[in-house]
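Fold and contact review
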Amino acid sequence: LQARYQASGLVRGQLIPANVMLFVASWEAYNGTRASPEQVRGLQQQMQSLWSKAADFERSAEGLRQRRLYELLAAVLMRENARVRQRQDADGIAVFRETVREDFLRLSHNDLARYDLTGEGFVER
């Protein structure tokens, strides 16, 4: 996760970048491709505009807890995605993708199957 923060040009220790990493990890796990730094920056800009009131929340105890949760979930997803895909088992990958899709839908109310990740962030297909 730390390497991905650095490669993506995101600042670790803030709520929005942690949320970006969670969304990116979910998208990558579902789509089976790695997001480019441009896609990650686009998503960060998209989230930044949606979370304009996040500064106060980010500094609160709940915001700090939520940031850490996002980071842990993103790290687990990245690691599990690498592990599942390394086995090259199509059935296992399909089950993993669908599990990630369902979990992400429950977590964010967004269906990964309906969006592409671009330099502008998530855009509906």
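Located above this text is the structure these notes cover.
Before going into details, it helps to say that this report is about the structure given with it. This structure is a prediction, so every number in the text was calculated from the model and none was measured.

**Here we look at the packing of helix α2 (residues 15–31) against helix α3 (residues 37–50)**
When two helices pack together, their arrangement is given by the angle between the helix axes and the distance between those axes. Two elements in contact, α2 and α3, have axes separated by 10 Å at closest approach and are oriented at 130 degrees. The angle between α2 and α3 places the two elements in the oblique class. For the element pair α2 and α3, the recorded crossing hand is right-handed. Residue-level contacts link Ile16, Pro17, Asn19, Val20, Met21, Phe23, Val24 and Trp27 of α2 to Gln39, Val40, Leu43, Gln44, Met47 and Gln48 of α3. Per-class residue counts for the contact of α2 with α3 are 10 nonpolar, four polar and no charged.

**Some words on the environment of Val24**
Tracing the backbone shows Val24 in helix α2. Counting along the chain gives 10 residues from Val24 to Arg34, while the straight-line C-alpha distance between them is 8.5 Å. Sequence-distant contacts of Val24, defined by excluding residues within four places in its chain, comprise Arg4, Ala35, Val40, Leu43 and Leu117.

Thresholds applied
- Residues numbered from 1 in each chain as written.
- Predicted model: local features only at pLDDT ≥ 70, side-chain atom pairs only at ≥ 80, totals over all residues.
- Heavy atoms only, no water.
- Axes fitted to C-alpha atoms, helices over the stretch in contact; angles between N-to-C directions.
- Helix = DSSP H or I, 4+ residues; strand = E, 2+ residues; numbered from the N terminus.
- Parallel < 35°, antiparallel > 145°, perpendicular 65-115°, else oblique.
- Left-handed = near helix turned anticlockwise from the far one by under 90°.
- Contact = heavy atoms within 4.5 Å.
- Nonpolar A, V, L, I, M, F, W, Y, C, P; charged D, E, K, R; others polar.

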